[in-house]
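Chains, contacts and geometry: an overview
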Amino acid sequence: MTKKSLVVISILSIVATYGFAIIDALANPSANQSGLPFKFGSYALFGTASTNYSVLVLDIAFWFVVIWGIWKIFLNKSKSKK
């Protein structure tokens with residue numbers, strides 16, 4: 001794995017983490033926590049918001065592994081077509 005692909009996968013995992021958290025918060029407005037698959041953010045509609053950073057790092061690591069796996073599958077499929 002090159003540095004460039006590592007950076008791309010890292011950025012995509014951070015974007016996926018926050019993207020799915022926003023989608024989760026919009027899909028479940030009555031819930032007071034957001035994040036997929038781990039709930040790292042808590043909020044109140046007209047109140048404060050807080051973030052559990054250890055769970056946030058765990059969530060980013062989860063999405064890193066998922067995206068890395070998809071990346072590997074994509075590379076193997078593209079190599080087999082040649």
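First things first, this report covers the structure right here in the doc.

So, on to the packing of helix H1 (residues 3-27) against helix H2 (residues 53-80). Here H1 crosses H2 at 125°, and the two axes come no closer than 8 Å. With respect to H2, the element H1 is oriented oblique. Two packed elements cross with a definite hand, and for H1 against H2 that hand is right-handed. Where H1 approaches H2, its residues Ser 5, Leu 6, Val 8, Ile 9, Ser 10, Leu 12, Ser 13, Ile 14, Ala 16, Thr 17, Tyr 18 and Phe 20 are matched on the opposing element by Leu 56, Asp 59, Ile 60, Trp 63, Phe 64, Ile 67, Trp 68 and Trp 71.

The next subject is the sheet that holds strand E1 (residues 33-34). Strands sit in the order E1-E2-E3 across an open sheet of three strands; the sheet is antiparallel. At either end of the open sheet lies a strand with only one pairing partner, and these are E1 and strand E3 (49-51). Where strand E2 (residues 41-43) lies against E3, three bridges are found, and the strand directions are antiparallel. Paired with Gly 41 across the two strands is Thr 51, which belongs to E3.

As a working rule, side chains carrying opposite charge can pair if their charged atoms are close by. Enumeration over the complete set of coordinates arrives at one salt bridge. Residue Lys 39 pairs with Asp 24 through a salt bridge whose shortest N-O separation is 2.7 Å. With Lys 39 in the loop between E1 and E2 and Asp 24 in helix H1, this residue pair connects regions lying 15 residues apart in the sequence. What makes Lys 39 partly exposed here is its relative accessible area of 37%.

About the thresholds
- Residue numbers here run from 1 along each chain, matching the order of that chain's written sequence.
- Selection of residues for local features in this predicted model requires a pLDDT of at least 70, selection of side-chain atom pairs for listing and counting requires 80 or more, and totals for whole chains, interfaces and linings are taken over all residues.
- Hydrogens and waters are ignored; side-chain quantities use all the structure's heavy atoms.
- To get an axis, a line is fitted to the C-alpha atoms, and for a helix only the part in contact is used. The angle between two axes follows their N-to-C directions and goes from 0 to 180 degrees.
- Working definition: helices are DSSP H or I runs of at least four residues, strands are E runs of at least two. Numbering for both runs from the N terminus.
- Just so you know how the angles are binned, under 35 degrees is roughly parallel, over 145 roughly antiparallel, 65 to 115 roughly perpendicular, and the rest oblique.
- Each crossing gets its handedness from the near helix: less than a right angle anticlockwise from the far helix is left-handed, clockwise is right-handed.
- The contact rule is simple, with two residues in contact once any of their heavy atoms fall within 4.5 Å.
- One bridge is not enough; two strands pair if DSSP finds at least two bridges between them.
- Salt bridges are defined as contacts in which a side-chain nitrogen from Lys or Arg sits within 4 Å of a carboxyl oxygen from Asp or Glu.
- Here's how the labels work: a residue is buried when its accessible area is under 20% of the maximum for its type, exposed when over 50%, partly exposed in between, all with a 1.4 Å probe on protein chains only.

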